[in-house]
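As a plain string of letters, each chain reads:
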Amino acid sequence: MSSFARVLLEEGVEFELPVDLAELISLLDRVMPRFTCEKYGYQLATVTRAQLGTRWHVLVKLADRVTGRTMDAPVGCIEMEKLENGKVRFRIPPRAEQDYPGIKELDPQGRFYSALIFHLLNAFQDDKLIELPGVLPTL
């Protein structure tokens, strides 16, 4: 794992995206099925809303690309918060904040979680929502 991936796992990622919440959720629905790492794909799982229509906390799970079986434990979560200016605060919490049952056994080194972060950042760059110096390797 690269040192950049380790920093993202330790620090997490947080920024504002110039889209509204509905657009961001549509984008995630569109791109998430294309994300892969090793023999797994990613899918949005449980959605909890701290405030209906304003704040979303979404668990992400791995699914075996061959069998379609979804892992019981999430690989991590993403958070989205609607801002007043038509933007969304997007947050991928640090790995240390991920204390879901089974997560450490599923992804002990954070490899799947860091691949998810890189996939998301690349997708946001592809949609011209953020600027990166280049495409991030998705492992």
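Below, the structure is looked at part by part. (Residues numbered from 1 in each chain as written. Predicted model: local features only at pLDDT ≥ 70, side-chain atom pairs only at ≥ 80, totals over all residues. Heavy atoms only, no water.)

In this model helix H4 (residues 111–126) runs 22 Å from its N-terminal to its C-terminal C-alpha over 16 residues, within 8% of the 22 Å that 1.5 Å per residue would give. Counting buried positions along H4 yields 14 of 16 residues, so the element is predominantly enclosed. Of the residues trailing H4, Lys128 is marked for its positive phi of about 60°. (Helix = DSSP H or I, 4+ residues; strand = E, 2+ residues; numbered from the N terminus. Expected span 1.5 Å × (residues − 1). Buried < 20%, exposed > 50% of the residue type's maximum accessible area, 1.4 Å probe, protein only.)

Here we take up the packing of aromatic side chains. Taken as a whole, this structure holds four aromatic pairs when the rule is applied. Look at Phe15 and Phe124: their rings are 6.0 Å apart centre to centre, the planes differ by 85°, and that puts the pair in the edge-to-face class. Here Phe15, found in strand E1 (residues 13–17), pairs with Phe124, found in helix H4; they are 109 residues apart in sequence, far enough to count as distant. The exposure classification of Phe15 matches that of Phe124, with both residues buried. Here Phe90 and Phe124 contribute two aromatic rings whose centre-to-centre distance is 5.0 Å and whose plane-to-plane angle is 85°, an arrangement assigned as edge-to-face. Of this pair, Phe90 sits in strand E6 (residues 88–92) while Phe124 sits in helix H4, placing them 34 residues apart in sequence. Look at Phe90 and you get buried, because its relative accessible area is 0%. (Phe/Tyr/Trp six-rings, centres within 6.5 Å; stacked < 30°, edge-to-face > 60°.)

Below, the discussion takes up the nonpolar core. In terms of nonpolar packing, the biggest core is built from 44 residues, with Leu24, Tyr42, Met80, Phe90, Leu120 and Phe124 touching the most fellow members. Counting only elements with at least two residues in this core, the list comes to helix H1 (3–11), E1, helix H2 (21–31), strand E3 (40–51), strand E4 (55–64), strand E5 (70–82), E6 and H4. Counting residues per element, this core draws most heavily on H4, at 10 residues. The residues touching Leu120, leaving out its near neighbours within four places in the chain, are Leu28, Met32, Phe35, Ile78, Phe90 and Ile92. (Core = buried A, V, L, I, M, F, W, Y, C linked by side-chain atoms within 4.5 Å. Contact = heavy atoms within 4.5 Å.)

Right, let's talk about the pairing of E1 for a bit. Taking every second residue as pointing to the same face, the buried face of E1 carries Val13, Phe15 and Leu17, while none of Glu14 and Glu16 on the other face is buried. Relative to E6, E1 is paired through five bridges, and the arrangement is antiparallel. In the sheet register, Phe15 faces E6, and the bridge partner there is Phe90. (Pairing = 2+ DSSP bridges.)

Another point: the environment of Leu27. With respect to the secondary-structure elements, Leu27 resides in helix H2. As for Leu27 and Val66, which are separated by 39 residues in sequence, their C-alpha atoms are 24 Å apart. Not counting chain neighbours up to four residues away, the residues in contact with Leu27 comprise Phe124, Asp127 and Leu129.

Let us now look at H2. If you check which residues of H2 are buried, you get Leu21, Leu24, Ile25, Leu27, Leu28 and Val31. Across the axial projection of H2, the buried residues extend over an arc of 155°, all falling on one side. One side-chain oxygen at the N-terminal end of H2 lies 3.2 Å from the backbone nitrogen of Ala22; it belongs to Asp20. (Arc of directions from axis to C-beta. Polar contact = N/O pair within 3.5 Å; in protein donor to acceptor, adjacent residues only side chain to side chain.)

The quantities given are spatial measurements derived from coordinates; they are silent on function.
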